[in-house]
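Examining the three-dimensional arrangement
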Amino acid sequence: MAASSKRKKSQARRKPVRTSGNPAKRPIVEAPPITARDWIGAARLRTLPLAIAPVVIGTGAAQLGGRELHWVIALACLAVAVLLQIGVNFTNDYSDGVRGTDAHRVGPARLTASGRVDPRTVLIIGLSFFALAALVGLAIVIRTGQWWMLAVGAVCIVAAWFYTGGKRPYGYFGLGEVFVFVFFGLVATLGTTWVQAFQLPQEAWIGAVAVGLLACAVLLANNLRDIDQDRQVGKRTLTVLIGRRATQIVYTVFLLVPFLLSSGLALLYPIAWLALLALLAGLPAILIVWTYRQPKELVVALGLTSLTALAYAGALYWAFVG
């Protein structure tokens with residue numbers, strides 16, 4: 001009986017070997033070398049319009065009333081926003097990769113999760129972009145004399161890191177949209193306006209709320225794409241907490257409310273009606289979010305939502321300076 005039991009256990013242990021093969025005896029498949037395309041994919045260029053849009057709106061608000069364009073400061077603000085965005089993307093790649101969250105993602109290449117790049121290298125690159133953003137931000141502070149904004153910059157970098165970094169990243173507890181609204185909407189837009197005009201007109205606030213909602217819509221599309229994987233690994237995004245249907249509704253609201261705000265602005269700035277043209281990208285994105293069958297389809301929705309934000313910002317800029 002003992003011998004029979006041992007044989008059964010041995011057969012049970014060997015069964016997976018017959019069906020899937022012994023990993024130790026499989027031929028080693030060498031991973032393809034990392035390419036420039038992989039690095040560009042990790043930078044997630046689809047998200048960069050979210051960094052550009054608030055700077056465009058903030059600069060337009062700073063020029064209200066015929067004020068002079070401080071193009072050097074405006075470009076510096078743009079550099080800070082883009083550098084921070086790329087830094088966030090690389091540090092997210094690192095943090096999610098070492099946690100195993102990115103093991104089965106759809107979308108841009110994941111350098112850390114793929115195992116083709118040393119995680120430490122990805123982290124260093126992300127922190128390097130943060131450092132560059134800090135240096136440009138310091139230049140803005142020196143130029144404008146607004147030394148208190150050093151604290152704002154430091155908070156931005158800390159928030160960027162703890163989105164997915166640290167022991168308790170807030171992106172894993174349903175707070176991603178809150179911080180995206182605050183930093184990609186309010187802080188980025190109002191900060192850009194302040195360092196150029198030293199005041200915050202109501203148009204800047206309205207634009208900040210609008211672009212913040214569009215940034216949140218992008219994050220919702222991203223998290224809807226990853227909802228199943230996030231559930232499996234215990235990443236409790238807002239999408240995981242409220243489910244698919246509620247996410248689709250909230251996404252639609254976040255994308256459409258900015259156009260209600262621009263319609264209100266159009267009563268004072270008629271060119272703001274042109275912001276409605278951004279719906280040429282926004283409406284197809286909404287359609288995809290509501291009808292998608294495969295998660296990869298949401299990659300297109302994400303890109304269209306980002307383009308919606310950029311086109312919207314361009315229209316508001318024209319309205320403010322026209």
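Structure shown above.
For the structure given in this document, a descriptive report is provided here. (Residues numbered from 1 in each chain as written. Predicted model: local features only at pLDDT ≥ 70, side-chain atom pairs only at ≥ 80, totals over all residues. Heavy atoms only, no water.)

**Examining the overall build of the protein chain**
Operational definition: Where helices and strands are cited, they refer to DSSP runs of H or I of at least four residues and of E of at least two residues respectively, numbered from the N terminus. The buried label applies to any residue whose accessible area, calculated with a 1.4 Å probe on protein chains only, is under 20% of its type's maximum; exposed applies above 50%, and partly exposed to all values in between. Contacts between residues were defined by any pair of non-hydrogen atoms, one from each residue, lying within 4.5 Å. All accessibility values rest on the Shrake-Rupley procedure with a 1.4 Å probe; residue burial counts only the protein chains present in the view.
Within the protein chain, the secondary structure is distributed over 14 helices and 0 strands. The secondary structure elements of the protein chain, listed N-terminal to C-terminal, are α-α-α-α-α-α-α-α-α-α-α-α-α-α. Classification of the 322 residues of the protein chain by burial places 48% in the buried group. Within the protein chain, counting contacts between residues at least 6 apart in sequence, those at least 24 apart form 74% of the total. A total accessible area of about 16,000 Å² is found for the protein chain, and carbon and sulfur atoms account for 68% of it.

**Concerning the pattern of salt bridges**
Filter applied, for reference: Within this document, salt bridges are pairs made up of a side-chain nitrogen of Lys or Arg and a carboxyl oxygen of Asp or Glu, the two lying within 4 Å of each other.
For the structure on display, the rule yields 4 salt bridges. The salt bridge involving D38 is made with R116; its shortest N-O contact spans 3.3 Å. Of this pair, D38 sits in helix α2 (residues 36-43) while R116 sits in the loop between α5 (111-114) and α6 (119-144); the two residues are 78 residues apart in sequence, bridging distant segments of the chain. Linking D96 and K235 is a salt bridge whose minimum nitrogen-to-oxygen distance equals 3.7 Å. Remark: K235 occurs in the loop between α10 (227-233) and α11 (238-242) and D96 occurs in helix α4 (residues 71-99); sequence separation between them is 139 residues.

**Considerations on α6**
As a reminder, the rule being used: Multiply 1.5 Å by the residue count of a helix minus one, and that product is the helix's expected span.
Here α6 spans 38 Å end to end across 26 residues, near enough to the 38 Å set by a 1.5 Å rise per residue. Turning to α6, its buried residues are V122, L123, G126, F130, A133, I140, V141 and T144. With its phi angle positive at about 75°, G145 sits one or two positions after the end of α6.

**As for unusual backbone geometry**
At R44, a position not held by glycine, the phi torsion is positive, near 55°. Structurally, R44 is set in the loop between α2 and α3 (48-62). Looking at R44, the relative accessible area reads 15%, which means it is buried.

**Structural notes on the packing of aromatic side chains**
The condition that has to hold: Each aromatic pair joins two rings of Phe, Tyr and Trp (for Trp, the six-membered one) with centres within 6.5 Å, and gets the label stacked for planes under 30 degrees apart, edge-to-face for over 60, and tilted for any other angle. Each ring is checked for a lysine NZ or an arginine CZ that lies within 6 Å of its centre and within 35 degrees of its normal; such an atom marks a charge sitting over the ring.
Per the counting criterion, the structure on display carries 10 aromatic pairs. Taken together, a centroid distance of 3.8 Å and an interplanar angle of 20° make the contact between Y170 and F179 stacked. For R99, the ring lying beneath its charged end belongs to Y172, and the centroid distance is 5.2 Å.

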